[in-house]
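# Architecture at a glance
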Amino acid sequence: MKVLIILYSKLLEDNDLLQKVSEKVNYLKKLIGPDSLYAVITTEMKDFIDRFPDLIFIRNDKGTFLYGLYKGLRKLRGNDVLVLDPSKIISLEKLKEFVSKRRKNLLYTLNGKWEGLALLRLIDLDYFIRTMEALLPEERDLSSVAEQVKRDYGIQYETL
């Protein structure tokens, strides 16, 4: 399993972003290991490279969430991927719950809206990538992408 931390331009408005990312990276290093952590960053976030030398970085040229997710998933083909939006509040218990359920596509949602944590299975990754290619001109969250994948390909996911 690989972890994909999605950083996008809108997050630069958050003054506590560095602290939130640092907290989540420390959790994930202990839970999954430092060699499995990837982050998608924009060009404005180059200071993250010095701040988090353990992460493997992927460039988000467009600065949007969906494009960052697309680029990261393409890079991590061949793995189950735990997707994380560091701006959301996610407990260590929730992270452990997702890691323990590796054989399912999972989304952490509240009231039908994605809350920053998802687990995508290796076998279904290409369908998510193909769907995002069609949706790239729009900005959508992961729950709407998962719904589109479900409609187009019949691939199920669970919400927690």
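Small disclaimer: the values here were computed from a predicted structure and weren't measured. (Residues numbered from 1 in each chain as written. Predicted model: local features only at pLDDT ≥ 70, side-chain atom pairs only at ≥ 80, totals over all residues. Heavy atoms only, no water.)

With that settled, the discussion passes to the overall build of the protein. A tally of helices and strands in the protein yields six helices and seven strands. Listing the helices and strands of the protein from first to last along the sequence gives β-α-β-α-β-α-β-α-β-β-α-α-β. By its C-alpha atoms, the protein is 40 × 35 × 30 Å across when sized along the principal axes. Buried residues in the protein amount to 49% of all 160 residues. Pairs at least 24 residues apart make up 66% of the contacts formed inside the protein by residues separated by at least 6 positions. Carbon and sulfur atoms form 45% of the exposed surface of the protein, whose accessible area is close to 8000 Å². Positive and negative charge centroids in the protein, built from 27 and 24 side chains respectively, lie 4 Å apart. (Helix = DSSP H or I, 4+ residues; strand = E, 2+ residues; numbered from the N terminus. Buried < 20%, exposed > 50% of the residue type's maximum accessible area, 1.4 Å probe, protein only. Contact = heavy atoms within 4.5 Å. Areas by Shrake-Rupley, 256 points an atom, 1.4 Å probe, with all protein chains shown as cover. Lys, Arg positive; Asp, Glu negative; His and termini not counted. Charge placed at Lys NZ, Arg CZ, Asp CG, Glu CD.)

What follows deals with the pairing of strand β5 (residues 106-110). The two faces of a sheet get side chains in turn, since along a regular strand they alternate between them. The element β5 is extensively covered by neighbouring structure, given that four of its five residues are classed as buried. When β5 meets strand β6 (residues 113-120), the two strands line up antiparallel, connected through four bridges. Bridging across to β6, Leu 110 finds its partner in Lys 113. Hairpin connection from β5 to β6: two residues lie between these consecutive antiparallel strands, with Asn 111 at a positive phi of about 55 degrees. Summarising the sheet, β5 and strand β7 (residues 158-159) pair through two bridges and their orientation is parallel. Bridged to Leu 106 within β7 is Glu 158. (Pairing = 2+ DSSP bridges.)

Our next topic: the sheet that holds strand β3 (residues 56-59). Backbone hydrogen bonds hold the strands of a sheet together, and the pairing may be parallel or antiparallel. Strand order in this open sheet of seven strands is β3-β2-β1-β4-β6-β5-β7, and the pairing throughout is mixed. The sheet is open, and its two borders are formed by β3 and β7, each paired with just one other strand. Bridge count between strand β2 (residues 37-41) and β3: four bridges; the pairing is parallel. From the neighbouring strand, Ala 39 faces β3, where its bridge partner is Phe 57. Across the face of the sheet, helix α6 (residues 142-153) comes into contact with β4 (81-84), β5 and β6 while running at roughly 55 degrees to β6. (Axes fitted to C-alpha atoms, helices over the stretch in contact; angles between N-to-C directions.)

Looking at the secondary structure, you find Val 81 in strand β4. Along the backbone, Val 81 and Leu 120 are 39 residues apart, and their C-alpha atoms lie at a distance of 5.3 Å.

We now examine helix α1 (residues 17-31). If you check α1, its first and last C-alpha atoms are 21 Å apart, about what 15 residues at 1.5 Å a residue would give, namely 21 Å. Taken together, the buried positions of α1 are Leu 17, Val 21, Ser 22, Lys 24, Val 25 and Leu 28. Tucked inside the fold, the buried residues of α1 contact β1 (2-6), β2, α2 (47-51), β4 and α4 (92-100). Just beyond α1, the residue with positive phi is Gly 33, at close to 115 degrees. (Expected span 1.5 Å × (residues − 1).)

Once that is clear, we can look at the environment of Glu 133. If you trace the backbone, Glu 133 turns up in helix α5 (residues 125-135). Distance in space between the C-alpha atoms of Glu 133 and Tyr 67 is 8.8 Å, their sequence separation being 66 residues. Within the structure, Glu 133 has its side chain in polar contact with the side chain of Tyr 70 (distance 3.0 Å). (Polar contact = N/O pair within 3.5 Å; in protein donor to acceptor, adjacent residues only side chain to side chain.)

Below, the discussion takes up the nonpolar core. In this structure, Leu 4, Ile 5, Leu 7, Leu 69, Leu 73, Leu 82 and Val 83 are the most contacted members of the largest nonpolar core, which totals 56 residues. Of all the elements, helix α3 (residues 65-75) adds the most residues to this core, at six residues. With near-sequence residues (within four places) excluded, Leu 82 lies in contact with Met 1, Lys 2, Val 3, Leu 4, Leu 28, Ile 32, Leu 95, Phe 98, Val 99, Leu 117, Ala 118 and Leu 119. (Core = buried A, V, L, I, M, F, W, Y, C linked by side-chain atoms within 4.5 Å.)

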